[in-house]
Each structure stands twice: as structure tokens, then as C-alpha cells.
Amino acid sequence: MASPFFKIPPHGQGISIENGRLIVPAHPIIPFIEGDGVGPDIWRAARPVLDEAVRLAYGGQRSLAWMEVPAGGKALAELGTPLPTETIKTLARYKVAIKGPLTTPIGRGFRSLNVALRRGLDLFACVRPIRWIPDVPTPVRQPELVDMVIFRENTEDIYAGIEFQAGSEGNLAFQSWLAESQPEEFEKIRFPETTAFSIKPISRQGSERLIRAALSYAFEHGRQRVSLVHKGNIMKFTEGAFAAWGYDLAAREFGSRIYTQRQYQQTQAGQGQAAAETELKAAMESGRVHVNDVIADAAFEQVLTRPESFDVIATMNLNGDYLSDALTAQVGGLGIAPGANINFDTQTALFEATHGTAPNLAGTDQANPSSLILSGQLMLQHLGWAEAADRVEKGLRAAIALKTVTADLQRLMPEAQTLSTKAFGHAIINQMQSL
Ligand code: NAD
């Protein structure tokens, strides 16, 4: 059987970059990775929705020229590796791609295929918009107040995977070096014989490019606040430095377009709280973006108790991992949350369903395809195809408002009708066609 991979659609054209901006042809070649587990189920529902949205928006003048690229189980079966080098090269070449979830094969040299993909393409920002879709059941009372975009650093932190297993040679060498060169630090290790280590690299460059992207996003999308979320009260040289570098960068590169919490604190110290509040209010009314920082544990409390005070969040890998899933739960769960991994310097972007492979649902046509569909919607926005993106969102909202949903949502909406994955895709298409 001929391989389905890397087939360039005859009418497709490559996306290019000019002066740092995407040049999107009428029929851009978009590589896709179907994914493992429920990946094929949700892709079969999502792709026709995206195609139809583009057809309806541009009357056939534009289309998405899909090209399948291998990764995960399909790649392993056909090519003997779950992540072929050619896949990374193709994603880098065509700039914008979309993927379903991937299983990490145990004991085959990859800690996680997703981490390897992000690393291979240096996709340093994981961007997760978190917004409630009316009628989606949620555990909070006012989900409509949640409207945030998380920028999570993707390439550093303990995700770098530098670990020393307890009792290993590397671990012993690390401990001897520490005992010799930093005896006071070594003393802090409570049980040396059975201690394992994870190293947490956080760099100025890594922090700055992520925070720059978050600030630029805030300006481009009319957002009012960028919050740097960190645990710098404990990890001063890593998490604390992230916030400090963020403030420095904001002042250096965005100057009078922002108002920082540092400025607020200075005014507060010199002239009192009321003066600082007046200054902050005036700055925000004049269109400046407020840059503040929030300690991670307080952030978890405040996104629940006063979600309206968060807008864009910039944070490191682990905090971002926890925070994005916690916030997703606030608006109805992983089945509907979209995501993108982007390198804003090379303009390479990989849009993805944020949930895993849901092996219990694989091949049953019961999974919720919304996460992949809404990731496709983000992709259309990224291409500058706002009219098509808008149709996807409206179609999906209308299908849910009619109380026709997949089983995961129906369990929490007893009055709703359960649709299969594919039928839910059709329901969205029907709604888009009648807009
Ligand atoms: P999971 O997201 O696959 O499943 C968690 C729960 O959510 C399960 O009950 C599942 O049935 C449900 N669920 C997930 N997606 C759903 C959907 N679209 N519709 C309805 N229900 C859905 O997480 P897991 O079980 O921890 O991981 C399973 C596999 O997925 C692992 O191999 C893991 O490495 C991988 N994974 C991949 C990604 C990715 O590719 N981005 C992300 C997370 C996990």
C-alpha cells in the first residue's frame, strides 16, 4: 500500500515569511498529524468542519491543502520510529500545522513525543485561550468571568528532563561535586542516599522571548493586563528571576505603553495607596497594559475567586501546565480546550487538541472533537482567516446551545441529546450553513 504521508496536494502552496510576517497563499499546505487513540475519531469530525468553514467564508476562493505527516503509532508501524526527522523538517518548512494527541511509546527513547516535537521546532510558547462557551456545564458559578490567555514557556524548567535517579552514578557524581564545592548547599539534602534530583533551568533569554510574546499578544488583541505568575518567593534565582526579567523587559521594550506593578509600588511607597490606585486607573484608561506579578499559589486561588482580574498570563512550564488544566476545568474541561505551540520568532506554529489519547474511547466515535475543532479555529485566526474562524466558533456554540453534544458533556447535561463524534461535527456544519 502506498504511504499516505508527505503527499503534497497538487493545488497547494507553501506559506512563507516576509519581514517576520506570514504570507498565506489562497490554498496553503497545512501538515496534519492525526494522532493516536481518539486522534483519528476527532480528526474525522474536525477536518470537514474546518473545510466547510473556509468554503462558506470564501466561496471556494480559498481552501486548506492538507498534507498528512507521520508521528506516533502510525509512524512507528510504518517507518519504525514514532517521530521521523522528516516530520520535524516538514513542520518547520510549512510553518503552520495541526495535530491530534500522541501516545508516548514506553521505553523507546522519547520521554514524550509532544515535548520532543516542541523541542525539535523550538516552539517556546504554549498558548491556551480559556473562555467559557455558554451552556457547557462547569463547576463554577460564574464561568462567563473567565476570559484568559495563558502563555506557558515550553522549552525550559524541569521539563528540560535533566534528572538524576536516586542511587545512580550521575546522582553520586552530582552529590560529590555538591559536597565538595558547595558544602552548605549539600547540607540541605535531608536523605542523600535516597534522594533523586531534577534540574530546573530558567534563562533570561527563554523568559524574555515568552514574556515578549505575551506582551505583544496583549497589545495586538486589546488585552489590558499581563500577569507574570511565579514562585519567586521560594525559588529566587529561577522563578523570581523570571518575574524580574519580565519587568525589566517590559520597561525596556514597551516603555510608555505599559504600567508596571513596580511603578505602582513606588508611587504607593512615596505617595500612598490612593495615589497609586489613581495612577493605575489613569494608566489603564489611557490604554496602557498593566504588567503585574502574582505568586503561583495565590494565582490558583485568585483565578477562582476573582477571575475577572486576570487577562493574559505568562508563566514557566510547570506552573503553566497545572494552571492551564485547572483553568480549563473552570470552563468545562479538557475535551473542549484549544491550544497552540508557537515560536513567535520563526513563526512556526503547531495547533493541537489539549487532551490525551483517551484510550478508553479510541475507535468508539464517542470522543468530543471540540478541542481539535477549536484549535483549528485558532489556526484559522493565525492564518488571518478571521471570517472562517468566526464561523467555526459560531457553529460550535450553536450546536451546544441546541443541546446536541457528545457523551462527556451529555453526562452533565441530562436534558441534552448525545451525538457521536462524527454526528457532532455534522451538527456544527449544519449550524454553520444556516448562519
Ligand atoms: P487523556 O486526556 O487521554 O484522558 C483523561 C480523561 O479524559 C479520560 O477519562 C478520557 O476518556 C477523557 N477524555 C480525554 N479526551 C477526551 C475527549 N476528546 N472526549 C471525551 N473524553 C475525553 O489523559 P491520560 O489518560 O492521562 O493520557 C492518555 C495518553 O495520552 C497518554 O499516553 C499520554 O501520554 C497521552 N497524552 C497526550 C497528550 C498530547 O498529545 N497533547 C496530552 C496528554 C496526554
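Residues numbered from 1 in each chain as written. Predicted model: local features only at pLDDT ≥ 70, side-chain atom pairs only at ≥ 80, totals over all residues. Heavy atoms only, no water.

### Brief notes about the pairing of strand β3 (residues 29-33)
- Counting buried residues in β3 gives five out of five residues, a clear majority hidden from the surface.
- Strand direction decides the pairing type here: β3 and strand β4 (residues 65-68), joined by four bridges, are parallel. Bridge assignment links Phe32 to a residue of β4, and that residue is Glu68.
- Handedness of the β3-helix α1 (residues 39-58)-β4 crossover: right-handed.
- Bridging between β3 and strand β5 (residues 96-99) involves two bridges; their strand directions are parallel. Across the sheet, the residue bridging to Ile33 is Lys99, located in β5. (Buried < 20%, exposed > 50% of the residue type's maximum accessible area, 1.4 Å probe, protein only. Helix = DSSP H or I, 4+ residues; strand = E, 2+ residues; numbered from the N terminus. Pairing = 2+ DSSP bridges. Right-handed = clockwise from strand over helix to strand, strands pointing away.)

### Thoughts on the sheet that holds strand β10 (residues 225-230)
- The 11 strands lie next to each other as β4-β3-β5-β15-β14-β6-β7-β13-β10-β12-β11, forming an open sheet whose pairing is mixed. Taken across any chain shown, the strands that pair with only one partner, and hence form the sheet edges, are β4 and β11 (258-260). Averaged over neighbouring strand pairs, the angle between their axes works out to 25 degrees when direction is ignored.
- Sheet topology note: the β5/strand β15 (residues 348-353) ladder contains four bridges and is parallel. Of the residues in β15, the one forming a bridge with Val96 is Ala349.
- The strands touched by helix α8 (residues 236-254) are β10, β11, β12 (289-295) and β13 (312-315); relative to β10, the strand with the most contacts, the crossing angle is about 155 degrees. (Axes fitted to C-alpha atoms, helices over the stretch in contact; angles between N-to-C directions. Contact = heavy atoms within 4.5 Å.)

### Observations regarding the environment of Pro70
- Along the chain, Pro70 turns up in the loop between β4 and α2 (73-79).
- For Pro70, a relative accessible area of 0% puts it in the buried group.
- Considered as a pair, Pro70 and Ala398 are 328 residues apart in the sequence and their alpha carbons are 34 Å apart.
- Residues contacting Pro70, with those up to four places away along its chain left out, are Phe5, Phe6, Ala75, Leu79, Pro84 and Thr87.

### Focus: the site of the ligand
- Neighbouring residues of the ligand: 17 residues in total, closest Leu102, Asn114, Gly356, Ala358 and Asn368.
- Here Gly356 contributes a backbone N or O atom positioned 2.6 Å from an oxygen atom of the ligand.
- Asn360 is positioned with one of its side-chain polar atoms (N or O) 3.0 Å from an oxygen atom of the ligand.
- Relative to its unbound accessible surface of 810 Å², the ligand loses 63% to contact with the protein.
- Considered class by class, the residues forming the shell around the ligand number seven nonpolar, seven polar and three charged. (Near = heavy atom within 4 Å. Polar contact = N/O pair within 3.5 Å; in protein donor to acceptor, adjacent residues only side chain to side chain. Areas by Shrake-Rupley, 256 points an atom, 1.4 Å probe, with all protein chains shown as cover. Nonpolar A, V, L, I, M, F, W, Y, C, P; charged D, E, K, R; others polar.)

### Some remarks on the domain arrangement of the chain
- The domain boundaries assigned to the chain delineate domain 1 (1-136 + 331-435), domain 2 (139-154 + 200-315) and domain 3 (162-199).
- Using only C-alpha atoms to locate each centre, domain 1 and domain 3 end up separated by 43 Å. (Domains from an automatic or database assignment.)

### A few points about the nonpolar core
- The biggest cluster of nonpolar side chains holds 91 residues, and the ones touching the most others in it are Leu64, Trp66, Ile98, Phe151, Leu215, Leu327 and Leu380.
- When residues in this core are grouped by element, the largest group, eight residues, is from α1.
- Residue-level mapping places this core at the junction of two domains, with at least three residues from each of domain 1 (1-136 + 331-435) and domain 2 (139-154 + 200-315).
- Setting aside chain neighbours within four positions, we find Leu64 in contact with Pro28, Ile30, Leu50, Asp51, Val54, Met379, Leu380, Leu383 and Trp385.
- If you look at the next biggest cluster of nonpolar residues, it comprises 14 residues, including Ala97, Leu102, Leu123 and Leu350. (Core = buried A, V, L, I, M, F, W, Y, C linked by side-chain atoms within 4.5 Å.)

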